[in-house]
Amino acid sequence: MRTPSWMTLKSRVSATAIASSMAIAALAAGGMLPITAAHAQSAATARGLPDFTDLVDQVGPSVVNIRTLEKVSNNSAEALGMDEDMLEFFRRFGLPVPNVPRQRSPKGGQSEEEQPRGVGSGFILTADGYVMTNAHVVDGADEVIVTLTDKREFKAKIVGADKRTDVAVVKIDAKGLPAVKIGDVSKLRVGEWVMAIGSPFGLENSVTAGIVSAKQRDTGDYLPFIQTDVAINPGNSGGPLINMRGEVVGINSQIYSRSGGFMGISFAIPVDEAIRVSDQLRATGKVTRGRIGVQIGPVTKDVAESIGLGKPEGALVSAVEPDSPAAKAGVEAGDVITKFDGKAIEKVSDLPRLVGNTKPGTKSTITVLRRGKLKELSMVIAEVPSDESAKTKAGNSGAGKTPSGTLENKALGLTLSELTSAQKKELAIKGGVRVSAAVDAAARAGLREGDVILQLANVEVSDLKSFEAAWAKADKSKPVNVLVRRGDWAQYVLIRPAK
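Residue indices begin from 1 for each chain and proceed along its sequence in written order. Confidence filtering applies because this is a predicted model: local features only for residues at pLDDT of at least 70, side-chain atom pairs given and counted only at 80 or more, and all residues used for totals across whole chains, interfaces and linings. To obtain the side-chain values, all non-hydrogen atoms of the structure were used and water was disregarded.

Q: Would you take a moment to explain the environment of Val167 for this structure?
A: A helix here means a DSSP run of H or I that spans at least four residues, while a strand means a run of E at least two residues long, and both kinds are numbered starting from the N terminus. Secondary-structure assignment places Val167 in strand E6 (residues 167-171). Sequence spacing of Val167 and Ser253 is 86 residues, and the spatial spacing of their C-alpha atoms is 9.2 Å.

Here you go:
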């Protein structure tokens, strides 16, 4: 129960005295004292709610409203919501289009006008006019209007926008502006009070407050979001998340909602990540990121235990791009990357974040777990192309004539055959065995005809003979981990042998 705001210090002392008297009485009666007198005093002394008024006065002038406009053809059929043939009828006979005013510019039969496109928020980074906001706030805008708290309006120039992190920087022609203070996100604690200022639904300078609900929320490749329960709605995007010291710790960016409105969960981009992006945008107008050329996935608990990793951490390499830094360094499908430049990869999303923040051309090291042993590899980081697309080849591991010789393993439900040299060349592998049929245990594990087995129980498989040797040493009372290649992708699969 919340302590009433009118409760005085005298009332708190009285409550403490009563609690202490009850505790002494309990001792006299031979009962157990569950808490100390100090604990009782602490519990009885309620903490007051924070006052945000000074913070609003301090940070409010640094928050801006952002409106965007786009140019549209004001007599196109699409803009008027009318069938093109019907619009042509009115044009041909010189009749006014219903519910639409006459066009202002008859030149060429078409004219353009600026229409409101969206509204958002932002905050002043520097006194000379750099403003930070979300990339989705200014995306596709033909004109950006920034309004300060003193009602001055400026046409802003888009310096740069990065869709991957949803960070953008715009510039207005002004001097002596009140810039925000940047906070230390590493010191932000779950449960800490925070405040947001923005323009929800176009309502300028609206203030909401709440607490930090969680940190390091993974909702994107490059962003460990801050989760809060601060009320955020459309129009708040790009506004600052502020701690109780008046420092910006995040950019309000997303909400979790099934209705389109606020449902108690909102997300902010950590300001340290945003500053790294904004520095590059201000310097070059674009963001340069590093890449190593691997496709990765999470490591499950069962797989982690079966390959000797202990706990589910790291990034499982499912494919390696040809001629990429990873390929040149010797990274193989099935490797589990546990460290990058000495930093632990606790979850799969850590790797793209660390690699992406590394300058291209940097020499880096990664630590991989391969067949139960750790191995350190060196590589030179490449650059992510700006027009990079996530295209993968649909490889066919069944190409070529299968050589004679098959192996049937009833306990695993597998019928296996040797790989042809053409199949090995196509998949860029040195060895393995091809699945000719998968039934029972193998089928339940998800294997199918055409798959290629590269490892069995942490032992490399180069041919049928090596598969038999690995199976002979495997613990058949437990699920057996199998590294399977399918097309260009590789993943671990656990097969539970039949008894």
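What follows picks up the thread again.
Q: Just to check I follow, could you spell out helix H13 (residues 464-473) for this structure?
A: For an α-helix, 3.6 residues make a turn, and residues three or four places apart therefore share a direction. The set of residues buried in H13 consists of Leu464, Ser466, Phe467, Ala470 and Trp471. Take H13 and look down its axis: the buried residues cluster within an arc of 160 degrees, on one side only. Opposite the packed face of H13, turned more than 90 degrees from it, sit the exposed residues Lys465, Ala472 and Lys473. Check the buried side of H13 and you find it contacts strand E22 (406-409), strand E23 (414-418), strand E24 (433-438), strand E25 (452-456), strand E26 (459-460) and strand E27 (480-486). The buried label goes to any residue with under 20% of its type's maximum accessible area, the exposed label to any with over 50%, and the partly exposed label to all in between, with areas taken from a 1.4 Å probe on protein chains only. The arc in question is formed by the directions pointing from the helix axis toward the C-beta atoms. Two residues form a contact once any of their heavy atoms are found within 4.5 Å.

Q: Would you mind going over helix H7 (residues 271-284) with me for this structure?
A: Given the number of residues in a helix, its expected span is that number minus one, multiplied by 1.5 Å. Under the 1.5 Å per step criterion, the end-to-end length of H7 is 20 Å for 14 residues, consistent within 8% with the ideal 20 Å. Within H7, the full set of buried residues consists of Val271, Glu273, Ala274, Val277, Ser278 and Leu281. Within H7, the buried residues cover an arc of 145 degrees as seen down the axis, which keeps them to one side. Every exposed residue of H7 that faces more than 90 degrees away from the buried side is listed here: Ala283 and Thr284. Looking one or two places after H7, you find Gly285, whose phi comes out positive at around 85 degrees.

Q: I keep staring at unusual backbone geometry and nothing clicks. Help me out?
A: Trans peptide bonds make up the majority, and among non-glycine residues the majority have a negative phi. Even without being a glycine, Asp166 presents a positive backbone phi close to 60 degrees. Structurally, Asp166 is set in the loop between strand E5 (153-162) and E6. The exposure class of Asp166 is buried, given its relative accessible area of 12%. One non-glycine residue, Ala457, adopts positive backbone phi at about 55 degrees. Of note, Ala457 is situated in the loop between E25 and E26. Taking the relative accessible area as the measure of exposure, Ala457 reaches 25% and is therefore partly exposed.

Q: Whenever I open this one, the pattern of salt bridges confuses me. Can you help?
A: Side-chain pairs of opposite charge can arise whenever the charged atoms involved come near each other. Salt bridges are defined by distance alone: a side-chain nitrogen of Lys or Arg within 4 Å of a carboxyl oxygen of Asp or Glu. Per the stated rule, a full pass over the model turns up 17 salt bridges. The closest approach of N and O atoms between Lys163 and Asp139, which form a salt bridge, is 3.7 Å. Taken together, the residues span a long stretch of sequence, with Lys163 in the loop between E5 and E6 and Asp139 in the loop between helix H6 (135-138) and strand E4 (143-147) at a distance of 24 residues. Given a relative accessible area of 66%, Lys163 falls into the exposed group. Take Asp139: its relative accessible area is 36%, and that puts it in the partly exposed class. Salt-bridge contacts for Glu247 lead to Arg245; the nearest nitrogen and oxygen are separated by 3.4 Å. Put simply, Glu332, Asp335 and Arg370 are held in one network by salt bridges that share partners.

Q: Explanation requested: the packing of aromatic side chains in the structure shown.
A: The geometry of an aromatic ring pair is captured by two quantities: the separation of the ring centres and the angle between the planes. Two aromatic rings from Phe, Tyr or Trp, using only the six-membered ring of Trp, form a pair when their centres are within 6.5 Å; if the ring planes differ by under 30 degrees the pair is stacked, by over 60 it is edge-to-face, and anything between is tilted. Scanning the model with the defined rule gives 2 aromatic pairs in all. Aromatic pair Phe52 and Trp193: ring centres 6.0 Å apart, planes at 65 degrees, arrangement edge-to-face. Placement of Phe52 in the loop between helix H2 (37-44) and helix H3 (53-59) and of Trp193 in strand E8 (residues 193-198) is noted, with a sequence separation of 141 residues between them. The partly exposed category is assigned to Trp193, whose relative accessible area is 34%. A ring pair is formed by Phe225 and Phe267, whose centres lie 6.1 Å apart and whose planes are at 70 degrees; its orientation type is edge-to-face.

Q: Quick question: what am I supposed to make of the side chain of Ser121 here?
A: Position of Ser121 relative to the elements: it lies in strand E2 (residues 112-124). Among the polar contacts made by the side chain of Ser121, one reaches the main-chain amide nitrogen of Ser199 at a distance of 2.9 Å. Residues in contact with Ser121, not counting those within four places in the same chain, are Val64, Ile66, Thr133, Gly198, Ser199, Gly235, Asn236, Ser237, Gly238 and Gly239. Two N or O atoms form a polar contact when they lie within 3.5 Å of each other; inside protein one atom must be a possible hydrogen donor and the other a possible acceptor, and for residues adjacent in sequence the pair counts only when both atoms belong to side chains.

Q: I tried to follow the nonpolar core on my own but got confused; where do I start?
A: Generally speaking, soluble globular proteins have nonpolar side chains that are buried together. Phe123, Met132, Val167, Ile226, Leu241, Ile251 and Ile269 are the most contacted members of the largest nonpolar core, which has 29 residues in total. Among the secondary structure elements, those contributing two or more residues to this core are strand E3 (130-133), E6, E8, strand E10 (224-228), strand E12 (247-255), strand E13 (266-270) and H7. Among the elements that take part in this core, H7 stands out by supplying 4 residues, more than any other. Those residues in contact with Ile226 that sit more than four places away from it in its chain are Val185, Leu188, Val212, Ala214, Leu241, Val249, Ser266, Phe267, Ala268 and Pro270. Remark: nonpolar core denotes a set of buried residues (Ala, Val, Leu, Ile, Met, Phe, Trp, Tyr, Cys) joined through side-chain atoms within 4.5 Å.

Q: I'm lost on the confidence of the model for the protein chain in this one. Help?
A: Detail in the predicted coordinates should be disregarded across regions flagged by low pLDDT. Across the protein chain, the average pLDDT comes to 80, with 76% of residues at or above 70. Note that residues 1-45 has pLDDT below 50 and, in this model, 13 contacts with residues that lie over four places away or in other chains. Taken as a whole, residues 387-404 scores under 50 in pLDDT and shows 30 contacts with residues more than four places along the chain or in a different chain. On a scale of 0 to 100, pLDDT captures the predictor's confidence in every residue.

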